[in-house]
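Take a look at the letters that make up each chain.
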Amino acid sequence: MLGTIVNTGTILAGSIIGSIFRKGIKKEYQGALFNAMGLAAAGLGINAVVQNMPKSTCPVLFIISLALGSLLGTILDLDSGFQNLSSRFASSKLGEGLSTGILLYCIGTLSILGPIQSALNGDNTYLFTNAALDFVTSTVLAATYGIGMAIAAGVLFLWQGSIYLCALLLGNFMSDAMMTEISIIGGFLIASSGISILGIKDCKTLNMLPSLVIPLIWFGITSLI
């Protein structure tokens, strides 16, 4: 869990530093940061899709996952629930920032594979690398949305901690093929978040989160057949 603890700490540190600088940033400069984060999120998402798509052993699984997951998330109305919850504590912009930050921190290849490598091989290289990237990202996000972005650090800790424990318990069940499919879907979610920040279209990315569960169910069923 050392890598996860370090990763969580860098997000907290970045959030504090970014929120300090935010006080001196003019509104037009904050707008520039919004655009930068939107483009960065879209680019990271597209990169994740392009890198992992050729490795996919189930070319249509991500389409089915996105369709079913988005439908389930819309029925549950996850996006509105999250926005309403965050608006009780701060501005609606913070809710947008948290949803983006959580996706960027948690649904990347390093954040998913890192805890697995740590649990199975005792190797924290992925997590330390992810921590360095998240420090920069959290600083920029906090400079844009404020100190409330530190909440995302707790979400990351629970996310990576859960993956770490699952890897210890499930071992070989979490195959490379499964991680590839999850990374593809995660890439689409991150790109969707970037599109929303840029104001091109409100994709309600949080409603798509159940899509990440579909590959787990698929590989679970196929392993039993």
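All of the points below concern the structure found in this document. For clarity, every value in this text was computed on a predicted model and none was experimentally measured. (Residues numbered from 1 in each chain as written. Predicted model: local features only at pLDDT ≥ 70, side-chain atom pairs only at ≥ 80, totals over all residues. Heavy atoms only, no water.)

## Describing the packing of helix α9 (residues 176-197) against helix α10 (residues 213-224)
Between α9 and α10, the shortest axis-to-axis distance is 9 Å and the interhelical angle comes to 160 degrees. As summarised for this structure, α9 and α10 are arranged roughly antiparallel, according to the angle between their axes. When the axes of α9 and α10 are compared, the crossing they make is right-handed. Taking contact as the criterion, the partners of A177, M178, E181, I182 and I185 in α9 are, on α10, P215, L216 and F219. Its residues assigned to classes, the contact of α9 with α10 shows seven nonpolar, no polar and one charged. (Axes fitted to C-alpha atoms, helices over the stretch in contact; angles between N-to-C directions. Helix = DSSP H or I, 4+ residues; strand = E, 2+ residues; numbered from the N terminus. Parallel < 35°, antiparallel > 145°, perpendicular 65-115°, else oblique. Left-handed = near helix turned anticlockwise from the far one by under 90°. Contact = heavy atoms within 4.5 Å. Nonpolar A, V, L, I, M, F, W, Y, C, P; charged D, E, K, R; others polar.)

## Points about the nonpolar core
If you look at the biggest cluster of nonpolar residues, it comprises 41 residues, and the most contacted ones within it are Y105, L141, M149, M179 and L189. Elements supplying a minimum of two residues to this core: α2 (27-52), α3 (61-76), α5 (92-106), α6 (109-121), α7 (125-145), α8 (151-170) and α9. Per-element tally for this core: the top contributor is α9, with eight residues. With residues near it in sequence (within four places) discarded, M149 still touches S15, L94, G97, L98, G101, L141 and A142. (Core = buried A, V, L, I, M, F, W, Y, C linked by side-chain atoms within 4.5 Å. Buried < 20%, exposed > 50% of the residue type's maximum accessible area, 1.4 Å probe, protein only.)

## Thoughts on the pattern of salt bridges
Applying the stated criterion to the full structure yields one salt bridge. As a salt-bridge pair, K204 and D202 come within 3.6 Å of each other at their nearest N and O atoms. Classification of K204 as partly exposed rests on a relative accessible area of 36%. (Salt bridge = Lys/Arg side-chain N within 4 Å of Asp/Glu carboxyl O.)

## Some words on unusual backbone geometry
Phi is positive for D77, which is not a glycine, with a value near 55 degrees. In this fold, D77 is placed in the loop between α3 and α4 (78-87).

## Considerations on the environment of M179
Here M179 lies in helix α9. C-alpha separation for the pair M179 and G122, spaced 57 residues apart in sequence, amounts to 18 Å. Other than its neighbours up to four places away in sequence, M179 contacts I112, L113, I116 and M174.

## Here's the deal with the packing of α3 against α9
Where α3 contacts α9, the two axes come as close as 10 Å, and the packing angle between them is 55 degrees. The orientation of α3 with respect to α9, classified from their angle, is oblique. Crossing handedness for the pair α3 and α9: right-handed. In this structure, α3 contributes L61, F62, S65 and L66 to the contact, and α9 contributes E181, I184, I185, F188 and L189.

## What to know about a nonpolar patch on the surface
A grouping of V213, L216, I217, I221 and I225 is seen on the molecular surface, where their side chains present a nonpolar patch of about 490 Å² in accessible area. Relative to the elements of secondary structure, L216 occurs in helix α10. (Patch = residues over 30% accessible without salt bridge, like charges linked within 9 Å, V, L, I, M, F, W, Y side chains within 5 Å. Areas by Shrake-Rupley, 256 points an atom, 1.4 Å probe, with all protein chains shown as cover.)

## So, the packing of aromatic side chains
Counted according to the given criterion, the structure contains one aromatic pair. With a centroid separation of 5.3 Å and 5 degrees between ring planes, the pair formed by F62 and F188 is classed as stacked. Of this pair, F62 sits in helix α3 while F188 is found in helix α9, placing the two residues 126 residues apart along the sequence. F62 gets classed as buried once you look at its relative accessible area, which sits at 12%. With a relative accessible area of 29%, F188 lands in the partly exposed category. (Phe/Tyr/Trp six-rings, centres within 6.5 Å; stacked < 30°, edge-to-face > 60°.)

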